Amino acid sequence: MSSREKILSAIKTNQPDYQELNVQFKFESVYENLYEKFAEMLSFVGGKAMEVNSYEEIKADVRLHYHDVTNIATTIDELSELADFSLNIADPHDLETLNLAIIEGDFAVAENAAIWVSEKQLPHRALPMITQYLAIVIHKSAIITNMHRAYERVKVNETGFGTFISGPSKTADIEQSLVIGAHGARGLMVYVMN
Amino acid sequence: MNNIKQDHASASTEFNKDEAHVDWHDETLWFVRSKRDKAVFQIPEWEQLREAGSQIKNHVLSNMHDYLVEFEKKATENGIKIHWAADGQEHNEIVYSIIKNEGVNRMVKSKSMLTEECHLNEFLKEKGVEVIDSDLGERIVQMRQEPPSHIVLPAIHLKRAEVGETFHQHLGTEKGATDPQYLTEAARQHLRDTFLSRKVALTGVNFAIAETGGFVVCTNEGNADMGVHLADVHIASMGFEKIIPKVEHLGVFLRLLARSATGQPITTFSSHFHKPRAGQKMHIIIVDNGRTKQLGRPDFRNSLKCIRCAACFNTCPVYRRSGGHSYHTAIAGPIGSILAPNLDMARNADLPFASTLCGSCSNVCPVKIDIHEQLYKWRQVLVQEGHVSSVKSLGIKSMSTILSSPSFYRTAGKLGRFLMKNSPFMTNNNLNVWYQHRDMPDVPKESFREWFIREKGGK
Ligand code: SF4
C-alpha cells in the first residue's frame, strides 16, 4: 500500500462522525468612514496613506519624496514617465536593483489595511517584495470593510498567485523590538484616488 | 534532539537560575499577550469568530478524507505535484529527492514547524545539503545551533546582546553591536544573497483550500515570498490537518490568526498560491507523522484544529517562566504538550505535567481547543499506561521552581483563584499530583496583594 492509501484509509477509519457545518461565519463590520479606518490601520502597521485626486498629484509626491532615487518601475501607464526601469524582463532576479515599484491594488480592506494584488496587477510575483520601497495606488471606492467581504469580492484562483499586503515588511525577532524592512519593502506608501 | 537531555522540570530549574532573565522572558511574552487582547477587543464579534473557527475545524476533522481527496484533485489540475508522507523520514526523503533531481545542494526555507517536527535540516545536512532558514528568528537560532523556542517568535529566549554576538561571529557585524535595526539590516543583506542564489525554496502552509486546490502562506517579513518567487522549485510541506473546505472560510481564519499571535490585524503578507509561475515547479507534501493516530483519539483529536498562533504559549504562566527549550520538543507550550505524547508517550510523559491547568490557554485559543482539559486527560492516560514512574518528581519539581516566583502570582494568581473556586474537580482529584502532595488552601476572594492595593488605594 502506498503512503497515500495508508494515510487516507487510516483517516477514514479514525475521523469522527460527520458533523454538519451550519455556523455563522460571516460578519459585518461597521465603520463611519472607510477611508479613515483604512488609513488608521495602515499607519498602525507601518505604512502611510495619502488621498489624491489625479495621477499628477501622485507624480508630484513621488518626485518630492523620492527625488534622488533611480531604478523606479511602475505598472501604471499614467505614471510611466516616473519610471527608468523596465519590467519587461524575463528573469525576476533582474529586479534585484529595483528601488521603488509603483503598482496598482485591486481593492483594500479597512479593518486591517490589507491590499489585494494578484498576477492581474503584477508582471512578476516577486515585484512587491524584492523592491526596496513600494507604492500602491488604489481607488477610494475599492475600500471594503472586512475580510469576509474581501473573499466575496476576489476570485483567489483567477490567477496562479495573489497576496494581501498590509504595510511594509517587518520583524520583531530581536527582543520584540519592531524593525521595518525585514526582507520585503522597507516602506509602503498607498495613494488613494478619489 | 532524539534523546531528552533533561525533562521539563530540570530544564526549567536550569532556566530559572537567572532570575532577571526569566522575569524579562515572562514580561515580554505577557506584553505580546496584551497586544493580542487589544486587537481582540476591537472586534465585537470575536467570540462568534472563534466559534466559527472552531466549528469549521470540527467539520473538517469529520470529513477529512473527502476534503483531502478533493484538494489533491484540484491542486493536481492546477499543475501542482502532490506527495504523501507517512512519517517524518518519508517527508525528508521526498524533499531530498526533489533537491537532488534539480542537481543542487542548497535550499532556502521559510518557517515551517512541520519541518522542525521532522528534523529536516539535520537529515539534509547528513546528505550534504545546506539549508538556510530565512525567517529572522529562525536564522538566529539556526546560527546558534539551537531549536526555536517558540513557534511564532523562534528567538524569544534571547537578549539582543546574545543576537549581536551571534551575528558578530557569523555575519561579521561589529563586536558589541546590539541595535536591532542594525542587526536586522545585516541579516537582510545576508539573506537577500541567499534568496537570489537558491533554486529550491521550501515553505510551510497555513491553510490549504479543498475547493480550489490552493494554499495560503502568512509571513510578516516577506521571506516565504522572496524565497519561492526567485526559485525554480517551490516545495510546500503541510500536515494534513491544514485543510479547510472553502475560500470563504479564509475570512474567519485570517481574522483570527495574526490577532491571536501578535496583536496585528493581519500578517504583512498573506500569499495565496494556486499555480506555479511559468517555468516553475510546485510540490506539496502532505504529511501524517502521527496525525491519523491523534485523529483516532476522541479525547485528543481536537488538538488537530490548531492554527499555530501561539496565543496559548504567550498566556501560559508555566511557559513564560520555563522557556520553550525546557519542553524538549519541536512545538513547545501547552499545545505542544498535547501533541508530543501522541508521538512518543514515554519520551514526553513529563509535558502534560508542565501546566497549572489554569485554563488560560483554552480561553485565548482562537479555535477553542480545550487545551487544559486535554492536558489533564493526558495525565490520566500516562499514569494508566505506566509512563509516570515518578509522579512526584515530574509534577512537583517544575511547579515548585516556577511557582516560587512572586511575579508568577501576580499574573497567574487571579486565574488560579478563579479556577479553584469554579472548577474544583480539576484541582481536587486523585490524579492531580500537585494536589495529592499538598493541601489545597481555601480560596480567598482576593489576594493579599489585591486587598493591600484596595485598602491603600494605590500602588
Ligand atoms: S492551540 Fe490554539 S492557542 Fe495554541 S497555538 Fe494552537 S490555535 Fe493557537
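Residues numbered from 1 in each chain as written. Chains lettered and ligands numbered in written order. Predicted model: local features only at pLDDT ≥ 70, side-chain atom pairs only at ≥ 80, totals over all residues. Heavy atoms only, no water.

**Q** Go over the confidence of the model for chain B with me, naming the residues and quoting the values.
**A** All names here are of chain B. Confidence in the prediction for chain B averages 87 pLDDT; 83% of positions are at 70 or higher. In this model residues 413-444 is a low-confidence stretch, pLDDT under 50, and it forms 47 contacts with partners more than four residues away in sequence or in other chains. Across the interface, the model reports ipTM at 0.98; the global pTM reads 0.90. (pLDDT = per-residue confidence, 0-100. Contact = heavy atoms within 4.5 Å.)

**Q** Tell me about the site of the ligand, and name the residues and values.
**A** Close to the ligand lie C306, I307, R308, C309, A310, C312, I335, C365, P366, V367, I369 and I371 of chain B. Tallied by class, the residues present in the shell around the ligand amount to 11 nonpolar, no polar and one charged. (Near = heavy atom within 4 Å. Nonpolar A, V, L, I, M, F, W, Y, C, P; charged D, E, K, R; others polar.)

**Q** Which residues make up the packing of aromatic side chains, and what are the values?
**A** This structure, assessed with the given rule, holds 11 aromatic pairs over all chains. With a centroid separation of 6.2 Å and an interplanar angle of 80°, the aromatic rings of F107 of chain A and F164 of chain A are classed as edge-to-face. Of this pair, F107 of chain A sits in strand β4 (residues 107-109) while F164 of chain A sits in strand β8 (residues 161-165), and the two are 57 residues apart along the sequence. Just as F107 of chain A is buried, F164 of chain A falls in that class too. Both rings, one in F207 of chain B and one in F253 of chain B, keep their centres 5.5 Å apart while their planes meet at 25°; by these two values the pair is stacked. (Phe/Tyr/Trp six-rings, centres within 6.5 Å; stacked < 30°, edge-to-face > 60°. Helix = DSSP H or I, 4+ residues; strand = E, 2+ residues; numbered from the N terminus. Buried < 20%, exposed > 50% of the residue type's maximum accessible area, 1.4 Å probe, protein only.)

**Q** Got a sec to walk through the interface of chain A and chain B? Specific residues and values, please.
**A** Contacts between chain A and chain B engage 69 residues on the former and 95 residues on the latter. For the interface between chain A and chain B, the tally reads six salt bridges. As a salt-bridge pair, E248 of chain B and K26 of chain A come within 3.5 Å of each other at their nearest N and O atoms. Between the two partners, chain A and chain B, sit 40 residue pairs in polar contact (both at pLDDT 80 or more). Broken down by secondary-structure element, the contributors of at least two residues to the side of chain A that touches chain B are α1 (3-14), α2 (34-44), β5 (114-118), α4 (127-130), α5 (147-153), β8, β9 (170-171) and β10 (179-180) of chain A. Per-element tally for the side of chain A that touches chain B: the top contributor is α1 of chain A, with eight residues. Classifying every residue of the side of chain A that touches chain B by side-chain character gives 30 nonpolar, 25 polar and 14 charged. Note that β8 of chain A and strand β9 (residues 269-273) of chain B share five bridges and pair antiparallel. Paired with F161 of chain A across the strands is F273 of chain B, a residue of β9 of chain B. (Salt bridge = Lys/Arg side-chain N within 4 Å of Asp/Glu carboxyl O. Polar contact = N/O pair within 3.5 Å; in protein donor to acceptor, adjacent residues only side chain to side chain. Pairing = 2+ DSSP bridges.)

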